[in-house]
Each structure stands twice: as C-alpha cells, then as structure tokens.
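# Commentary on secondary and tertiary structure
Chain by chain, the residues run as shown.
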Amino acid sequence: MKYGLLSFLVMIGGYMVCAQDIEGTFAQAARNEKDIREEEALQNYRSILETQPHNVKALCKVAELTARVGNRHKDAKQRLAAFSQAWQYAELALKTKPDAEVNYIMADIAAKTAGVTSGKEKATQLRLAKNYTDTALIMNANHARALHLQGKWHMDVVNLNTAEKAAVRVLFGGMPRATVMDAIKSFEKARAADPLWLVSYLDLGKAYVKNHQSDKAIEVFSRLVKLPPKTGDDESYKAEGRALLASLQ
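So, here's what we can say about the structure. Just so we're clear, the structure is a prediction, and the values are computed from it rather than from any experiment.

### Overview of the layout of surface pockets
Computed from the structure, the largest pocket encloses a volume of approximately 790 Å³. Contributing to the lining of the largest pocket are 34 residues, with Asn-71, Lys-152, Val-199, Asp-203 and Tyr-237 lying nearest its centre. Of the residues forming the lining of the largest pocket, the biggest block, six residues, is contributed by helix α7 (residues 144-158). Quantified by volume, the second largest pocket comes out at close to 300 Å³. Around the second largest pocket, the lining is made up of 16 residues, and of these Glu-33, Lys-61, Glu-64, Arg-68 and Arg-145 lie nearest the centre. Among the secondary structure elements, those contributing two or more residues to the lining of the second largest pocket are α1 (2-34), α3 (56-70) and α5 (100-114). Counted by class, the lining of the second largest pocket contains five nonpolar, one polar and 10 charged residues.

Okay, here's the thing in structure tokens:
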C-alpha cells in the first residue's frame with residue numbers, strides 16, 4: 001500500500017512537471033510570436049507536440065505557422081510541400097476539436113494552396129477554402145481572419161481567368177456568386193473585428209481600387225502604413241501599401 005501510494009505521488013509529480021514545461025513552452029512561443037520570431041515560435045510549438053501530439057492549440061499554431069512561413073518560399077514546389085504538411089496538422093486538430101479556429105486554419109491553407117495551383121486543383125482548393133470559411137463563420141460570425149478569407153475568396157473568384165472559371169463552374173455546379181462589393185463588405189467586417197490585422201487593410205484597399213473607389217483606397221492604405229507589424233509578412237504588406245498609395249496620390 002505504501003509503495004503504491006509512493007508510485008502514485010511520483011506519477012502525479014511527473015505530470016505536474018510536464019504540465020509546467022508545456023505551459024512554459026507556450027509562454028516562450030507567445031513571446032517569440034510577439035517579437036515576430038515566427039520560426040522560433042514554430043519550433044516551440046513543435047516541441048510541445050513531441051510530448052502532447054494531440055494538443056489542439058499547438059496543432060493549430062504549427063499548422064498556421066508552417067503555412068505562413070512556407071508561403072514565403074519563392075519556389076512553388078516548396079510552398080506546396082509546406083502547405084501539405086500544414087494541412088496534416090490542421091486535419092488532426094479538426095478531428096480533435098472542430099471549432100471555428102481550426103476551420104479557419106483549414107480554409108487559410110486551402111486559400112494559400114489555391115494561390116499557387118491552377119485548373120481543377122485551383123478550383124478544388126477554392127471550394128475547400130469556401131466550405132471551411134463558411135463553417136468557421138457559422139461557428140463564430142465575428143471571426144476576423146475568417147471574414148478576411150471570405151473577402152479574399154470573392155476576389156480570388158472575381159480574378160479567375162476563363163479556363164479557371166470553367167473549372168470552378170464544373171466543381172461548384174455553376175458559377176458561384178462572387179463580386180468586388182461582397183469582398184469589400186467582408187474585408188470591412190474583418191477590419192472592424194480586428195483593427196490590427198494588416199493584410200485585411202491591404203486587400204480591402206486593393207478591392208476599393210478595383211471598384212474604382214480611389215478615395216476609399218487612399219484612406220485604407222494611409223491607415224495601413226501606420227500600423228505596427230504583428231507577423232513576419234506585415235512589413236511587406238506595408239511596403240506594398242505604400243507603393244499603391246503613392247500610385248494613387
């Protein structure tokens with residue numbers, strides 16, 4: 001009895017140390033993200049999965065950051081390989097806890113994949129992006145990043161070429177409704193839900209330009225260039241915003 005109790009106490013003590021380690025690693029990962037050290041944060045989250053392979057928060061972060069960091073590769077094959085890896089982590093998270101955040105991440109990976117594919121594969125990824133985005137917004141109508149993806153989906157469909165539109169028609173059973181104004185509405189909602197998510201400003205400004213509303217675009221780009229960066233992509237978004245702003249003034 002005495003030895004059984006001792007074993008139990010040792011087991012509980014080990015669990016508590018492990019939990020503290022996990023908590024500390026999450027804290028370090030959060031600091032790295034805040035400091036825009038995304039590759040270091042990615043490694044932190046990966047290390048958590050070595051101990052807790054079904055930790056949904058870590059799975060989501062690994063999926064999101066793998067896709068984001070991978071999207072910076074200039075080579076399309078490397079980008080697609082990163083997206084495929086990210087998808088596997090996101091799928092596991094989806095099976096464990098299919099909430100709005102996981103559905104958003106699935107949609108984001110599909111949208112990124114659509115950006116480097118063509119034909120039937122592009123159409124397939126656009127359909128996946130829409131389905132997962134819609135699901136995320138059903139679960140949380142104010143999910144800023146899902147709202148941004150909703151707007152991006154409209155713009156992606158609007159900008160399809162003739163062959164891509166034909167593939168989309170086949171896959172969707174007809175051409176889905178997609179307009180610049182629908183995109184603008186979604187981007188505006190995304191900006192309202194998270195005023196510091198920079199890519200929403202960039203894509204909103206571009207949508208206003210396409211809709212021949214230069215005054216609105218100037219206002220959005222002017223705000224974008226003053227915002228502090230939050231991700232490793234934000235400086236490039238700001239640089240693009242500055243260039244577009246200069247072309248409109």
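There's more to say after this.
### Overview of the packing of helix α4 (residues 76-96) against α5
Running from amino to carboxyl end, α4 crosses α5 at an angle of 160°, the nearest separation of the two axes being 9 Å. Between α4 and α5, the crossing angle belongs to the class labelled roughly antiparallel. In the crossing of α4 with α5, the sense of the turn from one axis to the other is left-handed. Residues Leu-80, Phe-83, Ala-86, Trp-87, Ala-90, Glu-91, Ala-93 and Leu-94 of α4 form the contact with α5, whose own contacting residues are Val-102, Asn-103, Ile-105, Met-106, Ile-109, Ala-110, Lys-112 and Thr-113. Residues of the contact of α4 with α5, tallied by class, amount to 12 nonpolar, two polar and two charged.

### Focus on empty space enclosed by the protein
Inspection of every chain in the model, using the stated rule, returns one cavity of 30 Å³ or more. Lining the largest cavity are Ala-107, Ala-111, Ala-129, Thr-133, Leu-149, Lys-152, Trp-153 and Asp-156. Taken together, the elements giving at least two residues each to the lining of the largest cavity come down to α5, α6 (119-139) and α7. Examining the composition of the lining of the largest cavity, we find that four residues originate from one element, α7, more than from any other. Split into classes, the residues belonging to the lining of the largest cavity amount to five nonpolar, one polar and two charged.

### Considerations on the packing of α5 against α6
Two elements in contact, α5 and α6, have axes whose closest approach is 8 Å; the angle formed by their N-to-C orientations is 160°. Relative to α6, the element α5 lies roughly antiparallel. When the axes of α5 and α6 are compared, the crossing they make is left-handed. When α5 is examined against α6, the residues Ala-100, Asn-103, Tyr-104, Met-106, Ala-107, Ala-110, Ala-111, Thr-113 and Ala-114 are found in contact with a partner set consisting of Lys-122, Gln-125, Leu-126, Leu-128, Ala-129, Tyr-132, Thr-133, Thr-135, Ala-136 and Met-139. Across the contact of α5 with α6, the residue classes break down as 13 nonpolar, five polar and one charged.

### Some points on the pattern of salt bridges
Counted by the stated rule, this structure contains 15 salt bridges. Its salt-bridge partner being Lys-61, residue Glu-33 comes within 3.2 Å of it at the nearest N-O pair. Here Glu-33, found in helix α1, pairs with Lys-61, found in helix α3; they are 28 residues apart in sequence, far enough to count as distant. Residue Glu-33 is classed as buried on the basis of its relative accessible area, which comes to 16%. Where Asp-99 meets Lys-97, a salt bridge forms, and the shortest distance between an N and an O atom there is 3.9 Å. For Asp-99, a relative accessible area of 24% corresponds to the partly exposed category. Linked through salt bridges whose partners overlap, the residues forming this network are Glu-38, Glu-64, Arg-68, Arg-72, Arg-145 and Asp-233.

The rules behind each value
- Residues numbered from 1 in each chain as written.
- Predicted model: local features only at pLDDT ≥ 70, side-chain atom pairs only at ≥ 80, totals over all residues.
- Heavy atoms only, no water.
- 1 Å grid on protein atoms, 1.4 Å probe; cavity = no way out; pocket = protein on both sides within 12 Å on 5 of 7 lines; lining within 4 Å.
- Points joined across faces, edges and corners; volume = space filled by probe spheres on them.
- Helix = DSSP H or I, 4+ residues; strand = E, 2+ residues; numbered from the N terminus.
- Nonpolar A, V, L, I, M, F, W, Y, C, P; charged D, E, K, R; others polar.
- Axes fitted to C-alpha atoms, helices over the stretch in contact; angles between N-to-C directions.
- Parallel < 35°, antiparallel > 145°, perpendicular 65-115°, else oblique.
- Left-handed = near helix turned anticlockwise from the far one by under 90°.
- Contact = heavy atoms within 4.5 Å.
- Salt bridge = Lys/Arg side-chain N within 4 Å of Asp/Glu carboxyl O.
- Buried < 20%, exposed > 50% of the residue type's maximum accessible area, 1.4 Å probe, protein only.

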